[in-house]
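# Fold and contact review
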Amino acid sequence: MYFSNTFILLITLLFTMLTLNVVTALPLHRRASYSGDGTFYTVGLGSCGKTNSDSEMVAALSSSLMSGGKNCGKSLKVTSDSGSVTVKAVDTCPSCAEGDVDFSPAAFKKLGSLDEGRISINWSFT
Ligand SMILES: *[C@@H]1O[C@H](CO)[C@@H](O)[C@H](O)[C@H]1NC(C)=O
């Protein structure tokens, strides 16, 4: 079978592009960022087994992110249109979609006013 130099060059180029694409896509998986709704709740005994209070910078995450307690104690940096805050994950929010975060009232106040009740947020684990 005969392959022209041009054909071989094209295949090499294609392979190189695929390889580069795999390499440059990797960092996206390392540092996931989430977006969703931020709400607040009355803090108490959390699913991580500790009792916290409304005045602490803590939050509850979706069931999919907290199953098995895998993110208990992790910090997340959250931004809204009017502020930002770093909170610790201490509880599960069963009604939250994956990227939603349910905050202590004190943490929520750093992102908006309690009157708003529900706000748009972006966040990632620190
Ligand atoms: C979330 O991030 C998106 C994309 O960068 C941006 O358009 C949006 O304004 C951000 N929303 C908030 C509430 O920070």
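Along each chain, residues carry numbers from 1 onward, in the same order as the chain's sequence is written. With pLDDT at 70 or above as the cut-off, local features in this predicted model cover only qualifying residues; side-chain atom pairs require 80 or more to be listed or tallied, and sums for whole chains, interfaces and linings still use all residues. Note that water and hydrogens are dropped before the side-chain values are worked out from all heavy atoms of the structure.

## Considerations on the sheet that holds strand S3 (residues 75-80)
The following threshold applies: Only strands joined by at least two bridges in the DSSP assignment are considered to pair. Helix and strand assignments come from DSSP, with helices taken as H or I runs of at least 4 residues and strands as E runs of at least 2, each series counted from the N terminus. Fitting a line to C-alpha atoms yields each axis, with helices limited to the stretch in contact; the angle taken between N-to-C directions then spans 0 to 180 degrees.
Taken together, six strands build a closed barrel; the order of strands is S1-S5-S2-S4-S3-S6 and the barrel is mixed. Across the sheet, the mean angle separating the axes of adjacent strands is 45° when strand polarity is ignored. Bridging between strand S2 (residues 58-62) and strand S4 (residues 83-93) involves five bridges; their strand directions are parallel. What sits directly across from Ser62, in S4, is Cys93.

## Focus on the side chain of Ser80
The test is simple: In protein, a polar contact means a hydrogen-donor-capable atom and an acceptor-capable atom, both N or O and within 3.5 Å, with residues adjacent in sequence counting only if both atoms are side-chain atoms; elsewhere, any N or O pair within 3.5 Å suffices.
In this structure, Ser80 sits in strand S3. At 3.2 Å, the side chain of Ser80 forms a polar contact with the backbone nitrogen of Ser82. Within the structure, the side chain of Ser80 is placed 2.6 Å from the backbone oxygen of Leu111, a separation counted as a polar contact.

## Quick notes on the pairing of strand S6 (residues 119-125)
Put simply, the test is: Only protein chains enter the calculation, and the probe is 1.4 Å; a residue is then buried if its accessible area is under 20% of its type maximum, exposed if over 50%, and partly exposed in between.
Counting buried positions along S6 yields five of seven residues, so the element is predominantly enclosed. As paired strands, strand S1 (residues 33-40) and S6 are joined by six bridges and run antiparallel to one another. Pairing of Gly36 across the sheet is with Ile121, part of S6.

## Quick word on the state of the cysteines
Rules: Two cysteine sulfur atoms form a disulfide, by the criterion used here, when they sit within 2.5 Å.
Applying the stated rule across the entire model yields two disulfides. A disulfide bridge connects Cys48 with Cys72, and the sulfur atoms are separated by 2.0 Å. The S-S bond linking Cys48 to Cys72 shows a torsion near -90°; that makes this disulfide left-handed. A residue pair is termed long-range when its members are at least 10 positions apart, and Cys48 in the loop between S1 and S2 and Cys72 in the loop between helix H2 (63-66) and S3 qualify at 24 residues. Residue Cys48 is classed as partly exposed on the basis of its relative accessible area, which comes to 25%. Residue classification places Cys72 among the partly exposed residues on the basis of a relative accessible area of 30%. In this model Cys93 forms its disulfide with Cys96; the gap between the sulfur atoms is 2.1 Å. The chirality of the disulfide connecting Cys93 with Cys96 is right-handed, given an S-S dihedral of about 85°. Comparing Cys93 with Cys96, the two get one shared label, buried.

## Digging into the site of the ligand
Worth spelling out the cut-off: Throughout this document, a residue counts as near a molecule or strand when at least one of its heavy atoms sits within 4 Å of that molecule or strand. Per-residue and other accessible areas were derived by the Shrake-Rupley procedure at a 1.4 Å probe size, with only the shown protein chains allowed to occlude residues. Residues are sorted three ways: Asp, Glu, Lys and Arg are charged, Ala, Val, Leu, Ile, Met, Phe, Trp, Tyr, Cys and Pro are nonpolar, and all the rest, Gly among them, are polar.
Taken together, Ser80, Asp81, Ser120 and Asn122 make up all the residues around the ligand. The contact in question runs from an oxygen atom of the ligand to an N or O atom on the side chain of Asn122, over 2.3 Å. When isolated, the ligand has an accessible area of 360 Å², and the protein chains bury 39% of it. Of the residues belonging to the shell around the ligand, the class tally is no nonpolar, three polar and one charged.

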